[in-house]
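Single-letter residue listing:
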There are 2 protein chains.
Amino acid sequence: MSGFESKLSLYTGMINDKLEKIINIPDAPERIVYEAMRYSLLAGGKRIRPVLTAAVAEMLGGSLDDAVTAGCAVELIHTYSLIHDDLPCMDNDDLRRGKPTCHKAFPENIALLAGDGLLNMAFELLSAPGSFKTIDCGGSLALIRCLASASGVRGMIGGQVIDLESENKQDVTLDNLTGMHGKKTGALIEAAAVMGCIVSGFTDENCHEILQIRRFSANLGLAFQIKDDILDVTGDEGSLGKPVGSDEAGGKNTYVTMLGIGGADARLREKTDAAVAALNFFGDRACFLRELADALLRREN
Amino acid sequence: MSGFESKLSLYTGMINDKLEKIINIPDAPERIVYEAMRYSLLAGGKRIRPVLTAAVAEMLGGSLDDAVTAGCAVELIHTYSLIHDDLPCMDNDDLRRGKPTCHKAFPENIALLAGDGLLNMAFELLSAPGSFKTIDCGGSLALIRCLASASGVRGMIGGQVIDLESENKQDVTLDNLTGMHGKKTGALIEAAAVMGCIVSGFTDENCHEILQIRRFSANLGLAFQIKDDILDVTGDEGSLGKPVGSDEAGGKNTYVTMLGIGGADARLREKTDAAVAALNFFGDRACFLRELADALLRREN
């Protein structure tokens, strides 16, 4: 295992351990909603968002434990958004990462409430006494503010609505697509990275650390989405855990439908380069984040 | 107008003004979700929860403006819960307060996301810089903690699940029913009142002020629910804004099906008395809250 791989596996191990402990199923009539929350939260996934929080914090000298906790709050938000996105009135998906979606494994109303429960739990986690060892109340509040503004209607939810509203529209431009993804997936990826700064004591939104990490993660988020669009065409169904070509079948606007595979690939490299360039500010300390950007560029699922 | 009525109308006026300003509709493709959020938020309602926050804070010498802001966060949560409760996979209701429900006035996926947006916005509001004039970061964090734990799976959402799981069950006891309502509607009413204490500088959960306000509001919340159950049988369709007898038609367990009208009425008075008794601690300062409990007992909708 390379140094990068062992670090990545350390982070994901800590994140999965923490997520495992966040939801304890009570012996009570409402246990089914806890089961549904756990089902989706522990259904796998790359944990990119909390890995970013952990890696940024470790680079900046913050507490790794506290960063994992903050990153898990982002993962709770991410998981709720997947559950609600999969519901019949949204994308109506039956499979997610090769497993039945939450509303297929549980009744639809329980899946809806499990999503609500996870969204709410992100803020319970960030505000609970004892969640953090090295962060004072100003830091906790900054974390909550950062996450809440990224996940709300001015961020992720707004992006989801733009996506719904642009379905089957013919006049969607590349700028529209980029703007939509910047909110729908970018805002939360950015928040995860910035929360790594906050955990490390950088709370001024205009400090160099936050500005450069925002530039890095905004570009990384776009690169991540472009790669998703490319894999939907060129990927392998087995490693993706979902059918190839689903975007085209669904009439979706993607970087591939707009730019072709070659153009999308060029754009992917351009955004990854821009992300890596923003790391220059941090010098050698950023080597894990550089390798992470490269690994996301080369991923097969 | 009595002193009580003019005070109530001052509070609700301030609350409605603040709610009106919270959601500004942008000139952007995602405007529809803002419209749906505003539609439900401004569709009327008694504003009991923020009135409690305001009245408790004014009684304890806290800032009324800050209490109204905190109370509006509770109203955002309450409104999201109504939107999600009305969805086809939940109660599938077409009307709420005599108007089309959110998913009837807007597409179902927009209603789902409007609910998510309101839930999220409650935490945006409580964490935004400049939301409060008299509260420090410790106070803001205490407000967030209080609201998040009341609205999550250990509170309101858990209560909604217990309610779903008990539908058409024959062996539901009065204790089960009381436990369910304590979470489903009680937790948020209690949080609203306790947030009035926090706004006034009482943040220790074991201080007398919070303990007595919890006792008051827990009993008031139950009284409120019992009255709802009674009005569903004895009320007037015009003033209720919904069909009378819907609980019985839906096969729901209520205080009336379990205790009869007379028994439910006795229980309503008992709970109101217990609520008022908890106010003795505050002496004459609690006269508005006493009259509020009495007004809720006598209400016709």
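Every chain's residues receive numbers from 1 upward, in the order its sequence appears when written. Chains and ligands are labelled by the order in which they are written, letters from A for the one and numbers from 1 for the other. Local features in this predicted model are restricted to residues of pLDDT 70 or higher, and side-chain atom pairs are both shown and tallied only at a pLDDT of 80 or more, whereas totals for entire chains, interfaces and linings draw on every residue. Hydrogens are left out, water is left out, and the side-chain values use all remaining heavy atoms of the structure.

An unreviewed UniProt entry annotates chain A as Farnesyl diphosphate synthase originating from Candidatus Monoglobus merdigallinarum. Recorded under Catalytic activity (unreviewed entry), the UniProt text for chain A is reproduced unchanged: "isopentenyl diphosphate + (2E)-geranyl diphosphate = (2E,6E)-farnesyl diphosphate + diphosphate". UniProt positions are given in the numbering used here, feature names are shortened, and annotations may be inferred rather than shown by experiment. Regarding chain A, the UniProt comment filed under Cofactor (unreviewed entry) reads as follows: "Mg(2+)".

### Section: the interface of chain B and chain A
Between two residues, a contact is recorded if the distance between any of their heavy atoms is within 4.5 Å. In this assembly, 46 residues from chain B lie in contact with 46 residues from chain A. Roughly 4,000 Å² of surface becomes buried between chain B and chain A when both sides are summed, with 70% attributable to carbon and sulfur atoms. Basic side-chain nitrogens of Lys or Arg form a salt bridge, by our definition, when they fall within 4 Å of a carboxyl oxygen of Asp or Glu. Where chain B packs against chain A, one counts 4 salt bridges. Between B:Lys183 and A:Glu30 there is a salt bridge whose closest N-O contact spans 2.9 Å. Polar contacts, as counted here, are pairs of nitrogen or oxygen atoms within 3.5 Å of one another; within protein the pair requires one atom able to donate a hydrogen and one able to accept it, and residues that are adjacent in sequence qualify only if both atoms are side-chain atoms. On inspection of chain B and its partner chain A, the count reaches 14 residue pairs in polar contact (both at pLDDT 80 or more). Basically, the charged four are Asp, Glu, Lys and Arg, the nonpolar ten are Ala, Val, Leu, Ile, Met, Phe, Trp, Tyr, Cys and Pro, and anything else, Gly included, counts as polar. Tallied by class, residues from the side of chain B that touches chain A come to 26 nonpolar, 12 polar and 8 charged. Buried area counts how much accessible surface, traced with a 1.4 Å probe, disappears from two parts once they are put together, with both parts' losses summed.

### Let's talk about the environment of A:Asp175
Residue placement: A:Asp175 occurs in helix 9 (residues 174-199). Each C-alpha atom of the pair A:Asp175 and A:Ala295 lies 26 Å from the other, and the pair is 120 residues apart in sequence. Comment: elements are numbered from the N terminus, with helices defined as DSSP H or I runs of at least four residues and strands as E runs of at least two.

### A look at empty space enclosed by the protein
Residues and elements named next belong to chain A. Using a grid of 1 Å spacing that covers the protein atoms alone, one calls a set of points a cavity when a 1.4 Å probe fits there but cannot get out, and a pocket when the set is open and has protein on both sides within 12 Å along at least five of seven lines; lining residues are those with an atom within 4 Å of a point. Grid points are joined across faces, edges and corners, and a volume is the space filled by probe spheres set on the points. A full pass over the atoms with the stated rule returns 6 cavities of 30 Å³ or more. There is about 140 Å³ of room inside the largest cavity. Around the largest cavity sit 18 residues that line it, and Ser40, Ala43, Leu82, Asp86 and Arg96 are the ones nearest its centre. For the lining of the largest cavity, the secondary structure elements donating two or more residues are helix 2 (31-41), helix 4 (64-86) and strand 2 (99-100). For the lining of the largest cavity, the leading source of residues is helix 4, giving 6 residues. Grouping the amino acids of the lining of the largest cavity by side-chain chemistry returns 7 nonpolar, 5 polar and 6 charged. Looking at the second largest cavity, its volume works out to about 110 Å³.

### Describing unusual backbone geometry
At A:Arg47, a residue that is not glycine, the phi angle is positive and equals roughly 60 degrees. Mapping A:Arg47 onto the fold places it in the loop between helix 2 and helix 3 (48-59). Three exposure classes are used, based on accessible area relative to the maximum for each residue type with a 1.4 Å probe and protein chains only: buried under 20%, partly exposed in between, and exposed over 50%. The exposure class of A:Arg47 is buried, given its relative accessible area of 4%. Phi at B:Asn92 is positive, roughly 50 degrees, even though this residue is not glycine. If you trace the backbone, B:Asn92 turns up in the loop between helix 4 (64-86) and strand 1 (95-96). For B:Asn92, a relative accessible area of 43% translates into the label partly exposed.

### Notes on the packing of aromatic side chains
Stacked, edge-to-face and tilted labels apply to pairs of Phe, Tyr and Trp rings (six-membered ring for Trp) whose centres lie within 6.5 Å, assigned for plane angles under 30 degrees, over 60, and everything in between, in that order. Here the structure, examined in full by the defined rule, presents 9 aromatic pairs over all chains. For the ring pair A:Phe123 and B:Phe123, a centre distance of 4.6 Å and an interplane angle of 10 degrees mean the geometry is stacked. In this pair, A:Phe123 is assigned in helix 6 (residues 108-127) and B:Phe123 in helix 6 (residues 108-127), connecting two distinct chains. Each member of the pair, A:Phe123 together with B:Phe123, is buried.

### Looking at the nonpolar core
Buried Ala, Val, Leu, Ile, Met, Phe, Trp, Tyr and Cys residues form a nonpolar core when they are joined through side-chain atoms within 4.5 Å. Ranked by size, the top nonpolar core spans 183 residues in total, and within it A:Leu147, A:Ile213, A:Leu289, B:Leu147, B:Ile213 and B:Leu289 carry the most contacts. Setting aside residues up to four positions removed in sequence, B:Leu147 forms contacts with B:Ala73, B:Val74, B:Ile77, B:Ala122, B:Phe123, B:Leu126, B:Leu188 and B:Met195.

### Some details on the relation of the copies chain B and chain A
Overlaying chain B on chain A yields an RMSD of 0.0 Å, the required transformation being a rotation through 180 degrees with an accompanying axial translation of 0.0 Å. This pairing of chains is accounted for by a two-fold axis. Most of the interface of chain B is mirrored in chain A, where 100% of its interface residues again form contacts. We place the copies in one frame by least squares, fitting the C-alpha atoms of every residue whose pLDDT is at least 70 in both.

### Focus: the packing of helix 1 (residues 3-22) of chain A against helix 4 of chain A
All names here are of chain A. Running from N to C, helix 1 and helix 4 point in directions that differ by 65 degrees, and their axes come no closer than 9 Å. When the axes of helix 1 and helix 4 are compared, the crossing they make is right-handed. Between helix 1 and helix 4, the residues in contact are Leu10, Tyr11, Met14, Ile15, Lys18, Leu19 and Ile22 and Leu64, Asp65, Val68, Thr69, Cys72 and Glu75, respectively. The residue inventory of the contact of helix 1 with helix 4, partitioned by class, reads 9 nonpolar, 1 polar and 3 charged. Here the axes come from fitting lines to C-alpha atoms, over the contacting stretch only for helices, and the angles between their N-to-C directions go from 0 to 180 degrees. Crossings are classed by handedness, with left-handed meaning an anticlockwise turn of the near helix from the far one by less than a right angle and right-handed meaning a clockwise turn.

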